[in-house]
Amino acid sequence: MIDHRTLRVALLGAGSVGSQVARLLIERADELEERTGARLELAGIAVRDVDAPRDVALPRELFTTEAHELIVGSDIVIELMGGIEPARTLILDALRSGADVVTGNKALLATHGAEIFDVADQVGASVSYEAAVAAAIPIIRPLKDSLAGDRVDRIFGIVNGTTNYILDRMDKEGAAFDAVLTDAQRLGYAEADPTADVEGHDAAQKAAILASLAFHTNVPLEAVHCEGITGVDADMIENARGAGFVIKLLATCERLPAEGDEPEAISVRVYPALVSREHPLASVHGGNNAVYVEAEAAGPLMFYGAGAGGVQTASAILGDVVSAARRHIAGGVGVGESARGDQPVAPIGRITTRYQITLEVTDEHGVLQTVAGLLAEGGVSVATIEQTLSHDADGASRARLVIGTHRAREQALSDAVARLDASDVVERVVSVLRVEGD
Ligand code: HSE
């Protein structure tokens, strides 16, 4: 018989994170009981295939394929199946049946978060998701609770370990993207299908979650501007290095002040950006993650650590389970989600940053003046310019310009780049990168 101090925990999914969560719930049962005041009883683990190989040996009798049956009567449901369905339906059913939910499912939260939080509010249950962004790094609770009385102005972070690993090796070794990606797949850093990581989709989901929390606004995934790292080549990395930068895939969530007839808005975006080698984010190496938060009263804060991994992510899940268990024992549902900020999300054209533009131009009299003139036409002002000369096999002289701009509006910059591209003196726009972090 279940006594009143026992909480029934249902686990959905037993992949690399789920199996570690199950192991820790079993191995640390006594410790968790001391911390929560409740015996956390792992009632079962719902999986597609009971006999599939697992990272951790777990009692076979815990496994079931009947997820719906498992969640009925559970106090806490941990969803680690991933994907949208059946995870969404199971979470909604769990909430409606009175359970608190803990999940690491960023794809689901970034697309159906509003619906899930609404149902949780209606029934007075909680949904916790510390593991959904940057795995072991505590960032959800700091934004939701610790900074709830402050005003967050900007978040920018490295929230995808795979792309950081690839860019870091390209930076250190001068290697090509494809070669590093293949190696990363061989070493298990990158998935066999790396699309979600290298195209920035994983980071965009995390950005949508962070922005929604930071700005108290429901930010749908479609509102996140997303560019991946597949276009980053060794040349761009080298140019960045020459100018004192490193290229990082950044997720940026920023408050844009009202300007003219444009209201205050927020911008949420993911792209490979230049970061000064002096900035703390430049020293985030390998598969690590770091999130830099600038809040009005708190000033800059940086959260750093492992952004992936089964046992590391399990740490974040267990933290949420302990917190849900305490709520069960002490009563109340803690702080819920809030979308009262209701901020509009601005198009990418409205952001303002510095840029580095690399061009191949003809080596002729007056070219620099023409290029500077085409930039100035749209109000883009040149801060630095560096020219290198080379010769083709046929002896023709060619020049490469690396131009650093002052801060400019993205729309003005992209119009100016279009003018450069169409100009007779520009043979090729090699790259355009935004500078972030200053
Ligand atoms: N694939 C992600 C990364 C980990 O490379 O950071 C899970 O979000």
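One pass over the structure, following the stated rule, counts 36 salt bridges. The residue R151 makes a salt bridge to E296 at a minimum N-O spacing of 3.6 Å. A residue pair is termed long-range when its members are at least 10 positions apart, and R151 in the loop between α6 (140-146) and β7 (152-158) and E296 in the loop between β11 (288-295) and β12 (299-306) qualify at 145 residues. Relative accessible area serves as the criterion here: at 32%, R151 is assigned to the partly exposed category. By relative accessible area, which is 56% here, E296 ends up exposed. D168 is the partner of K172 in a salt bridge, and the nearest nitrogen-oxygen pair spans 2.8 Å. Separated by four residues within a single helix, K172 and D168 lie in helix α7 (residues 161-173), roughly one turn from each other. Look at K172 and you get exposed, because its relative accessible area is 55%. D168 sits in the buried class, given a relative accessible area of 5%. Linked by salt bridges that have partners in common, R151, D153, R255, E264 and E296 make up one network.

By the burial criterion, the buried members of helix α11 (residues 234-242) are M236, I237, N239 and A240. Along the axis of α11, the buried positions cluster into a sector of 160°, meaning they face one direction only. Against the buried residues of α11 lie α7, β9 (245-256), β10 (265-276), β13 (352-362), β15 (397-405) and β17 (426-436). Following α11 by one or two positions, G244 adopts a phi angle in the positive range, close to 90°.

A word on the domain arrangement of the protein chain. As far as domains go, the protein chain holds domain 1 (5-135 + 311-330), domain 2 (140-307) and domain 3 (351-436). One C-alpha centre belongs to domain 1, the other to domain 3, and the line joining them spans 52 Å.

Moving on to helix α14 (residues 410-422). The end-to-end C-alpha distance of α14, which contains 13 residues, comes to 18 Å, matching closely the 18 Å that a straight helix rising 1.5 Å per residue would cover. Tucked inside the fold, the buried residues of α14 contact β13, α13 (367-377), β15, β16 (408-409) and β17.

Position of R48 among the secondary structure elements: in the loop between β2 (39-46) and β3 (63-64). Along the sequence, R48 and L12 sit 36 residues apart, while their C-alpha atoms lie 9.7 Å from each other.

Around the ligand, the neighbouring residues are K106, N160, G161, T162, D197, D202, K206 and A308. At 2.6 Å, a backbone N or O of G161 approaches an oxygen atom of the ligand. At 3.2 Å, a side-chain N or O of D202 approaches an oxygen atom of the ligand. Starting from 260 Å² of accessible surface for the ligand in isolation, the protein chains cover 80%. Here the shell around the ligand is composed, by residue class, of one nonpolar, three polar and four charged.

What follows deals with the layout of surface pockets. Estimates place the volume of the second largest pocket at around 510 Å³. Around the second largest pocket, the lining is made up of 29 residues, and of these F117, S212, E337, S338 and A339 lie nearest the centre. When residues of the lining of the second largest pocket are traced back to their parent elements, those giving at least two are α5 (106-123), α6 and α10 (201-214). For the lining of the second largest pocket, the class distribution of residues is 14 nonpolar, nine polar and six charged. Among the domains, domain 1 (5-135 + 311-330) and domain 2 (140-307) are the pair contributing at least three residues each to the lining of the second largest pocket.

Glancing now at the nonpolar core. Side chains of nonpolar character tend, in soluble globular proteins, to be buried together. Among the nonpolar cores identified, the biggest contains 79 residues, and L143, I166 and L210 are the most heavily contacted of them. Broken down by element, this core gets its largest block of residues, nine residues, from α10. Among the domains, domain 1 (5-135 + 311-330) and domain 2 (140-307) are the pair contributing at least three residues each to this core. Discounting chain neighbours no more than four positions away, the residues touching L143 are A148, V152, I155, L210, L213, A214 and V293.

Let's shift gears to the pairing of strand β1 (residues 6-12). Burial runs high along β1: six of the seven residues are buried. The pairing of β1 with β2 spans seven bridges and is parallel. In the sheet register, A10 faces β2, and the bridge partner there is G44. Bridge analysis of β1 against strand β4 (residues 76-79) gives four bridges, and the strand direction is parallel. Across the sheet, residue L12 finds its bridge partner in β4, namely E79.

A few words on a nonpolar patch on the surface. A surface patch of nonpolar side chains, amounting to about 220 Å² of accessible area, comprises L368, V382 and I385. Locating I385 in the fold gives a position in strand β14 (residues 382-391). The class for I385 is partly exposed, based on a relative accessible area of 43%.

Moving on to the side chain of N105. Inspection of the secondary structure assignment puts N105 in the loop between β5 (100-103) and α5. Of the residues examined, N105 reaches a relative accessible area of 4% and is grouped as buried. A polar side-chain atom of N105 sits 2.8 Å from the main-chain carbonyl oxygen of G83. When near neighbours in sequence (up to four residues on either side) are disregarded, N105 contacts E79, G82, G83 and A87.

Quick look at the packing of α5 against α10 now. For any two helices packed against each other, one specifies the crossing angle of their axes together with the interaxial distance. Between α5 and α10, the shortest axis-to-axis distance is 9 Å and the interhelical angle comes to 50°. Between α5 and α10, the crossing angle belongs to the class labelled oblique. When the axes of α5 and α10 are compared, the crossing they make is left-handed. Together, K106, A107, L109 and A110 of α5 and D202, Q205, K206, A208 and I209 of α10 make up the contact between the two elements. Of the residues in the contact of α5 with α10, the class split is five nonpolar, one polar and three charged.

Definitions and limits used
Residues numbered from 1 in each chain as written. Predicted model: local features only at pLDDT ≥ 70, side-chain atom pairs only at ≥ 80, totals over all residues. Heavy atoms only, no water. Salt bridge = Lys/Arg side-chain N within 4 Å of Asp/Glu carboxyl O. Helix = DSSP H or I, 4+ residues; strand = E, 2+ residues; numbered from the N terminus. Buried < 20%, exposed > 50% of the residue type's maximum accessible area, 1.4 Å probe, protein only. Arc of directions from axis to C-beta. Contact = heavy atoms within 4.5 Å. Domains from an automatic or database assignment. Expected span 1.5 Å × (residues − 1). Near = heavy atom within 4 Å. Polar contact = N/O pair within 3.5 Å; in protein donor to acceptor, adjacent residues only side chain to side chain. Areas by Shrake-Rupley, 256 points an atom, 1.4 Å probe, with all protein chains shown as cover. Nonpolar A, V, L, I, M, F, W, Y, C, P; charged D, E, K, R; others polar. 1 Å grid on protein atoms, 1.4 Å probe; cavity = no way out; pocket = protein on both sides within 12 Å on 5 of 7 lines; lining within 4 Å. Points joined across faces, edges and corners; volume = space filled by probe spheres on them. Core = buried A, V, L, I, M, F, W, Y, C linked by side-chain atoms within 4.5 Å. Pairing = 2+ DSSP bridges. Patch = residues over 30% accessible without salt bridge, like charges linked within 9 Å, V, L, I, M, F, W, Y side chains within 5 Å. Axes fitted to C-alpha atoms, helices over the stretch in contact; angles between N-to-C directions. Parallel < 35°, antiparallel > 145°, perpendicular 65-115°, else oblique. Left-handed = near helix turned anticlockwise from the far one by under 90°.

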